[in-house]
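# Per-entry structural report
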Amino acid sequence: MTTTYPLRTIAAHEIDAWARMVTTTYGQDWKEGGLRNAVVSLEPDRTIAACDGGDIIGGTSVYGRVLTVPGGATPVAGITLVAVLPTHRRRGILTAMMRKQLTDLHESGGEPVAALNAAEATIYGRFGYGLASHVAEIRGDMRFMALRPGTDLGDGAIRLLGRDEARPLLEKVYETVRGTAVGWVDRTEKYWEARLAETEQARDGGTTLRFAVHLEPGGEATGYALYRSKADLVQVIEVAAASRQTYAALWRFLVDLDAHARLAYDGALDEPLRHLLTDPRTARTTVTDNLWVRLVDVDRALTARRYSAPLDLVLEVQDMFCPWNAGRYRLSAEGDCVTYEPTRDRADLRVSAAELGAAYLGGTTLSALAEAGRVEELRPGAVAAASLAFRGAREPFHPSGWAFPAF
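Values in this document were obtained by computation on a predicted structure and should not be read as measured data. (Residues numbered from 1 in each chain as written. Predicted model: local features only at pLDDT ≥ 70, side-chain atom pairs only at ≥ 80, totals over all residues. Heavy atoms only, no water.)

Within the open sheet, the 5 strands sit side by side as 17-16-15-18-19. Their pairing is mixed. What marks the edges here is a single partner per strand, and that holds for strand 17 (337–342) and strand 19 (376–377). Contacts between helix 12 (residues 382–390) and the sheet are confined to strand 15 (311–318), strand 16 (327–334), strand 18 (349–352) and strand 19, with strand 15 contributing the most and set at about 100° to the helix. (Pairing = 2+ DSSP bridges. Helix = DSSP H or I, 4+ residues; strand = E, 2+ residues; numbered from the N terminus. Contact = heavy atoms within 4.5 Å. Axes fitted to C-alpha atoms, helices over the stretch in contact; angles between N-to-C directions.)

Written as structure tokens, this is what we have:
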């Protein structure tokens, strides 16, 4: 930790000053509502401040959540609001904050995994974060979007509900879906409050949120779509569906909305929407990075998930930023039995913690990383076997801005 700019946690009465530092860093004015969604959920004892005398000149915070991973779930430290004032850049402050944050998690026995949405893709790799999921930015021309003839829409119906009526139904559906949706996180009361709060910044010139809820004939909610309108644009915030019929019915509702010509939605890399359309070209897609994952404690992280094929592999793990992870370990997995133990046996793969973080959610493959020269195969066939075992059934996806609130 740097001695020039000491690091410490903040007190509750310092939240305002800390938030001003963050908004100044990101070129915004601090005003009511500017950081409200984040500040409501902020935990002062997990919020770091870097100080220059009596001034707060940098900081970062942690939101404790539960992350769905392949075959299970694990506590995750959601890293958010990372900032250093422009007057204090390139002085090692960010590195010191990242090191303290990860060391504190390790020494306290906290969350074994850290995750974040990166403002810039070049920043966090040097701290051991790996690109674990992608987002498909779908932009549709609603004049020509139509579902394939014969698409099974089920027997339910879509209803537009008010916020208070919709809220408990959203929570129930979300809990059902996130159990198998790798990359999704739990939402407690305070996070639902923060997410559904209508600030001027969240609306960005659009309408208030609309709540389209899918109800089965017996009244059970099995899906929802949250959206708002901005002139002729339908901005779809989130779609959650407990069945393929519900998913199709929600999208039929959305693409048929009158008085709109364009649609925008950020979804999974393998979003099924394009396969529902008669003309998939009406939904143009741009791919960008989504969730970056850092294995704080590799042993606890790798044993918290399950693997798609039996695995018996010796890993030589390199981790200069979190040296407690470095060494040679045997990862064995078969069904629900997963072990990760130190060994002196010859290594099959040489890999850094960043590459393990990238592969952790089952999206980014170890084979692709090996082709990029980032994983070294020491035994023929080891990369293929490991890549298959780490892979998930679907591409992981994190609904950005919902789990780790940003301003």
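Now that the structure is up, let's keep going.
So, on to the packing of aromatic side chains. What the rule picks out here adds up to 11 aromatic pairs. Stacked on the ring of Trp 192, the Lys or Arg Arg 187 has its end atom at 4.9 Å from the ring centre. Positioned above the aromatic ring of Tyr 307 is the side chain of Arg 305, whose terminal nitrogen or guanidinium carbon lies 4.3 Å from the ring centre. (Phe/Tyr/Trp six-rings, centres within 6.5 Å; stacked < 30°, edge-to-face > 60°. Lys NZ or Arg CZ within 6 Å of the ring centre and 35° of its normal.)

What follows deals with the pattern of salt bridges. Applying the stated rule across the entire model yields 30 salt bridges. In this structure, Asp 232 engages Arg 262 in a salt bridge whose closest nitrogen and oxygen atoms are separated by 2.8 Å. Pair noted here: Asp 232 is in the loop between strand 10 (221–230) and strand 11 (233–241) and Arg 262 is in strand 12 (residues 262–267), with a separation of 30 residues, a long-range link. With relative accessibility at 29%, the residue Asp 232 sits in the partly exposed group. Between Glu 355 and Arg 374 there is a salt bridge, and its shortest N-O distance comes to 2.6 Å. Of this pair, Glu 355 sits in helix 10 (residues 353–359) while Arg 374 is found in the loop between helix 11 (366–371) and strand 19, placing the two residues 19 residues apart along the sequence. In the salt-bridge network here, residues are joined through shared partners; they are Arg 167, Glu 171, Glu 189 and Glu 193. (Salt bridge = Lys/Arg side-chain N within 4 Å of Asp/Glu carboxyl O. Buried < 20%, exposed > 50% of the residue type's maximum accessible area, 1.4 Å probe, protein only.)

This paragraph deals with the packing of helix 4 (residues 163–178) against helix 5 (residues 189–196). Close contact between helix 4 and helix 5 brings their axes to 12 Å; oriented N to C, the two are set at 125°. One way to sum up the angle between helix 4 and helix 5 is to call them oblique. Crossing hand, helix 4 versus helix 5: right-handed. Facing Arg 163, Arg 167, Leu 170, Glu 171 and Tyr 174 of helix 4, the residues of helix 5 in contact are Glu 189, Trp 192, Glu 193 and Leu 196. (Parallel < 35°, antiparallel > 145°, perpendicular 65-115°, else oblique. Left-handed = near helix turned anticlockwise from the far one by under 90°.)

Moving on to the nonpolar core. In terms of nonpolar packing, the biggest core is built from 61 residues, with Leu 302 and Leu 315 touching the most fellow members. Grouped together as the second largest cluster of nonpolar side chains are 42 residues, Ile 48, Leu 116, Phe 127 and Val 296 included. (Core = buried A, V, L, I, M, F, W, Y, C linked by side-chain atoms within 4.5 Å.)

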